[in-house]
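# Structural description and commentary
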Amino acid sequence: MYIKRKLYIIDSVETNNFNDSQIMLKIGGLWQRVTSTFPKHCVKYGVYHNYENDFKGNYTLSVAIESGNRSVPLESDGEYKVFDVDTAVENSISKTWGKIWNMPISRAYTFDFEQYNPDGTIQIYIAVK
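Rules and cut-offs
Residues numbered from 1 in each chain as written. Predicted model: local features only at pLDDT ≥ 70, side-chain atom pairs only at ≥ 80, totals over all residues. Heavy atoms only, no water. Helix = DSSP H or I, 4+ residues; strand = E, 2+ residues; numbered from the N terminus. Rg over C-alpha atoms; globule rule 2.2 N^0.38 Å. Buried < 20%, exposed > 50% of the residue type's maximum accessible area, 1.4 Å probe, protein only. Contact = heavy atoms within 4.5 Å. Lys, Arg positive; Asp, Glu negative; His and termini not counted. Charge placed at Lys NZ, Arg CZ, Asp CG, Glu CD. Polar contact = N/O pair within 3.5 Å; in protein donor to acceptor, adjacent residues only side chain to side chain. Expected span 1.5 Å × (residues − 1). Salt bridge = Lys/Arg side-chain N within 4 Å of Asp/Glu carboxyl O.

## Quick look at the overall build of the protein chain
Looking only at helices and strands, the protein chain has 2 helices and 6 strands in total. If you list the helices and strands of the protein chain from N to C, you get β-α-β-β-β-α-β-β. By the compact-globule yardstick of 14 Å for 129 residues, the protein chain fits well, its C-alpha radius of gyration being 14 Å. By principal-axis analysis of the C-alpha atoms, the protein chain measures approximately 35 × 35 × 30 Å. Out of the 129 residues belonging to the protein chain, those deemed buried represent 47%. In the protein chain, once contacts between residues fewer than 6 apart in sequence are set aside, the share between residues at least 24 apart is 66%. The centroid of the 14 positive side-chain charges in the protein chain is displaced by 1 Å from the centroid of its 15 negative side-chain charges.

Here it is in structure tokens:
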């Protein structure tokens, strides 16, 4: 699926999935800081970008929406592979990411994002080469 979208950053943190002992505090704090600013009908995004190298290195996680001040253009000449998150499963987002990390996907490491829809569904978009 080709994606061309312009999103607006609300706030960001830099972290590492494997070498940051504060990762859960950083990510949880990020979402807590911005959650009250969203209208209920708003689609929210967790945008993964500024990758140092791959999912094992440092990266930036930004919370974004489709309108605002600071833009993050999600424009890619490549494709995105989309994964539906089974929200009925405990730790569903973490489990879906774990599956993605173990799949033989040729990732682009440009902009990956989680899309949180007002109806409670969640999709993870992975940029592929």
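## Points about the side chain of T60
Considering the arrangement of structural elements, one finds T60 in strand β3 (residues 58-65). What makes T60 buried here is its relative accessible area of 10%. Separated by 3.4 Å, the side chains of T60 and N50 make a polar contact. Residues contacting T60, with those up to four places away along its chain left out, are S12, V13, E14, V47, Y48, H49 and N50.

## What to know about helix α1 (residues 23-35)
Relative to the 18 Å expected for 13 residues at 1.5 Å per residue, α1 spans 18 Å between its end C-alpha atoms, a close match to the ideal helical length. Taken as a whole, α1 has its buried residues at I23, I27, G29, L30, W31 and V34. The elements touched by buried residues of α1 are β1 (2-16), β2 (44-49), β3 and β5 (112-116).

## Overview of the pattern of salt bridges
Pairing between side chains of opposite charge can happen when the charged atoms of each approach one another. Under the criterion given, the structure shown has 3 salt bridges. When the shortest N-O distance is used, the salt bridge between D11 and R33 registers 2.8 Å. Of this pair, D11 sits in strand β1 while R33 sits in helix α1; the two residues are 22 residues apart in sequence, bridging distant segments of the chain. With a shortest N-O distance of 2.6 Å, R107 and D112 are connected by a salt bridge. D112 shares its class with R107; the two are buried.

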